[in-house]
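Report on the structure
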Amino acid sequence: MRALAVVIVIVALGALVTAIGSWLIGRAHPPRGRFVKVRRLRQHVVEVGTAPADAPPIVLIHGAGVNLEDMRLALGEQLAARHRVILIDRPGLGWSKRKTRDASAPQFQAATLREVLDHLGIARAIIVGHSWGGALAASFALDYPDRTAALVLLASPLYPLAHPMLSLYALLAMPVVGWIYARTLALPLSLPFVGLALGSAFLPQLPPRDYRKRSSALLLLRPSTFLANARDMADLKRNLEPQPARYPGLSMPTLVMSGASDFVVAPQLHAVTFAAAVPAAKLVILPGIGHMLHHAATERVLAEIEGLAAMMAAPELTGERGA
């Protein structure tokens, strides 16, 4: 009985710390954009920059465990000097909402993205996705090719391959265990290790200065966000299974970039294999660069995206060739 009482006290204290901590994190990192309602759930969107009316905007989609601020820090503000840039918190992450377990599928999130773009009046866009966001971007291009002016995949998992961390995420995503853990112990137990976790994602590079604060990384520790991210990761292998057979049908201009030293998403198993299957794909492997290539090799990534955008504006592609 005494052991049970101790457990109850620990769980109760964890729930209290989580409730207070979540409120403080939300207050320290408030939404910086506007909300668009999709299926009665608000999705957080930030728009920066301007571009000619006939130029497709650039949509930046973040990866697992982060939010739109990660892509804004690395690419968004610089691209905004010459383009209209749309940054979106994926459903359940950052300040965007989700309800059902189905929302963990890239296909579901791609449909949500399409509806967000409908609300913004965007018919076609250059879709850029990093890591998990690249799986979403690929799904969007497969399901809505007429809405995809071009596709950019950065260090993206594109094939249903097992990963050692998936077993842990599967446990955290369990209906009862995961729900209780996310609302009681996830925040107090994870908070001391946030810096270590971020650092491991950047290896062999280091995170930018003040990255944890500037990227609003602590938003992940709020219960609903923590659980959404766990489900995204736990379900990814299963959700990717239908996609590879469709990759050869992608015909839009496509850029695939990975770091040769990416220890999170192996480039040979994903980027290289994908580029070989997609006739329109350009493959770029960056020597010595890890998973967070958009931070570690920002200028090269920007140059490649800018080159793709310039190609999209060429007369032969826009149908505006002069007489």
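Rules behind the numbers
Residues numbered from 1 in each chain as written. Predicted model: local features only at pLDDT ≥ 70, side-chain atom pairs only at ≥ 80, totals over all residues. Heavy atoms only, no water. Core = buried A, V, L, I, M, F, W, Y, C linked by side-chain atoms within 4.5 Å. Buried < 20%, exposed > 50% of the residue type's maximum accessible area, 1.4 Å probe, protein only. Helix = DSSP H or I, 4+ residues; strand = E, 2+ residues; numbered from the N terminus. Contact = heavy atoms within 4.5 Å. Pairing = 2+ DSSP bridges. Right-handed = clockwise from strand over helix to strand, strands pointing away. Polar contact = N/O pair within 3.5 Å; in protein donor to acceptor, adjacent residues only side chain to side chain. Axes fitted to C-alpha atoms, helices over the stretch in contact; angles between N-to-C directions. Parallel < 35°, antiparallel > 145°, perpendicular 65-115°, else oblique. Left-handed = near helix turned anticlockwise from the far one by under 90°.

**Considering the nonpolar core**
Counting 49 residues, the largest nonpolar core has Val59, Leu113, Tyr247, Leu250 and Phe274 as its most contacted members. Broken down by element, the residue count for this core peaks at 8 residues, all from helix H4 (residues 132-143). Residues in contact with Leu113, not counting those within four places in the same chain, are Val59, Ile61, Ile88, Leu136 and Phe140. Core analysis: the next-biggest nonpolar cluster, separate from the first, contains 32 residues, Ala74, Leu75, Leu87 and Val284 among them.

**Quick look at the pairing of strand E8 (residues 281-286)**
Both faces of the sheet carry side chains from a regular strand, because those side chains alternate between them. The sheet contact formed by strand E7 (residues 254-259) and E8 spans 6 bridges and is parallel. When the sheet's bridge partners are listed, Gly259 is paired in E8 with Leu286. At this point the chain moves from E7, through helix H11 (residues 271-277), to the parallel E8, and the crossover so formed is right-handed.

**Observations concerning the side chain of Arg72**
Within the secondary structure layout, Arg72 lies in helix H2 (residues 68-79). At 2.9 Å, the side chain of Arg72 and the side chain of Glu69 are in polar contact. If we skip the residues at most four places from it in the chain, Arg72 touches Arg32, Val46, Val48, Glu77 and Leu87.

**What about the packing of helix H6 (residues 177-184) against helix H10 (residues 223-240)?**
Running from N to C, H6 and H10 cross one another at 140 degrees; their axes reach a closest spacing of 8 Å. Relative to H10, H6 is oriented oblique. Like other packed secondary-structure pairs, H6 and H10 cross with a definite hand, here right-handed. Contacts between H6 and H10 involve Gly178, Trp179, Tyr181, Ala182 and Arg183 on the former and, on the latter, Pro223, Phe226 and Leu227.

Function cannot be read off these values alone, since they describe shape.
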